[in-house]
Amino acid sequence: MSAGLKTVILLSFVLAVGFLLIILSCALWVNWLPLLVALTFVLAPLPNALFAHCGGDEFSSSDNATGAVDLGRFLTSIIVVTGFALPVVLTHSEVLKPGACAMSIIGGGLVYGTILAYSAAFRQDDEYD
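Bear in mind that the values here come from a model prediction, so they are computed numbers and not experimental data.

About the criteria used
Residues numbered from 1 in each chain as written. Predicted model: local features only at pLDDT ≥ 70, side-chain atom pairs only at ≥ 80, totals over all residues. Heavy atoms only, no water. Helix = DSSP H or I, 4+ residues; strand = E, 2+ residues; numbered from the N terminus. Buried < 20%, exposed > 50% of the residue type's maximum accessible area, 1.4 Å probe, protein only. Contact = heavy atoms within 4.5 Å. Areas by Shrake-Rupley, 256 points an atom, 1.4 Å probe, with all protein chains shown as cover. Core = buried A, V, L, I, M, F, W, Y, C linked by side-chain atoms within 4.5 Å. UniProt positions renumbered as here; feature names shortened; annotations may be inferred. Salt bridge = Lys/Arg side-chain N within 4 Å of Asp/Glu carboxyl O. Expected span 1.5 Å × (residues − 1). Bend = angle between axes of the 7 residues up to and from the residue.

Moving on, we get to the overall build of the protein. Along its length, the protein carries 5 helices and 0 strands. Residues classed as buried in the protein amount to 25% of the 129 residues present. In the protein, the proportion of contacts linking residues at least 24 apart, taken out of those at least 6 apart, comes to 68%. Of the roughly 8,700 Å² of accessible surface on the protein, a fraction of 69% belongs to carbon and sulfur atoms.

Moving on, we come to the nonpolar core. Soluble globular proteins tend to pack their nonpolar side chains together in the buried interior. Ranked by size, the top nonpolar core spans 8 residues in total: Ile-22, Val-37, Ala-38, Phe-41, Ala-44, Val-80, Val-111 and Tyr-112. Looking at which element gives the most residues to this core, the answer is helix H2 (residues 35–43), with 3 residues. Discounting chain neighbours no more than four positions away, the residues touching Ala-38 are Phe-19 and Ile-22.

Quick look at the UniProt feature "transmembrane region" (unreviewed entry) in the protein now. UniProt's feature table lists "transmembrane region" (unreviewed entry) at residues 7–30, 71–90 and 102–121, given in the numbering used throughout. Secondary structure within residues 7–30 divides into 88% helix and 0% strand; the distance between the first and last C-alpha atoms comes to 34 Å. Within residues 71–90, the helical portion is 100% and the strand portion 0%, while the C-alpha atoms at the span's ends are 28 Å from each other.

Once that is clear, we can look at the side chain of Thr-114. Along the chain, the position of Thr-114 falls in helix H5 (residues 98–121). Those residues in contact with Thr-114, other than ones at most four positions away along the chain, are Leu-11, Val-14 and Leu-15.

A word on the pattern of salt bridges. Two side chains with opposite charge may pair up if their charged atoms get near one another. This structure, assessed with the given rule, holds 1 salt bridge. A salt bridge links Asp-70 to Arg-73; the shortest N-O distance between them is 3.9 Å. Of this pair, Asp-70 and Arg-73 both sit in helix H4 (residues 67–92), separated by 3 residues, roughly a single helical turn. Overall, Asp-70 belongs to the partly exposed group, its relative accessible area being 39%.

Under the 1.5 Å per step criterion, the end-to-end length of H4 is 36 Å for 26 residues, consistent within 8% with the ideal 38 Å. Approximately 35° is the largest bend angle found in H4, and it occurs at Ala-85, with the proline Pro-87 only one to four residues beyond. The complete set of buried residues in H4 reads Val-69, Gly-72, Thr-76, Val-80, Gly-83, Pro-87, Leu-90 and Thr-91. Residues of H4 that are buried sit in contact with H2, helix H3 (46–51) and H5. Phi turns positive one or two residues past the end of H4, at Glu-94, with a value near 60°.

Within the fold, Cys-101 resides in helix H5. With 11 residues separating them in the primary sequence, Cys-101 and Leu-90 have C-alpha atoms 8.1 Å apart. Setting aside residues no more than four positions away along its own chain, Cys-101 makes contact with Pro-87, Val-88 and Thr-91.

Rendered as structure tokens:
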């Protein structure tokens, strides 16, 4: 299934809503720490992107993940958990208000989900027929 213009428009709209929620969670309560959530979710796919090509050669099956690929997935999971846990920890320590925490988590989830959807929709397989 090829991704077209409608997919790009939908993903850009969802990404804009996610960033809007994060920025509103900062601006409405005059605390700019939730911008760290946007940074973590933007940086989250980088380890997977960097370590994805460290797999085996053309004779090995694509199901066997090497240590480098597993390390990339592990680092990505650490960054994603940090993105969801940071607003909760800041709310628990009374640095953030609960409304800012909820908006930051929802916005961060939308941003990361958009990045995942974009990479899944526009994935190029390296297999040649």
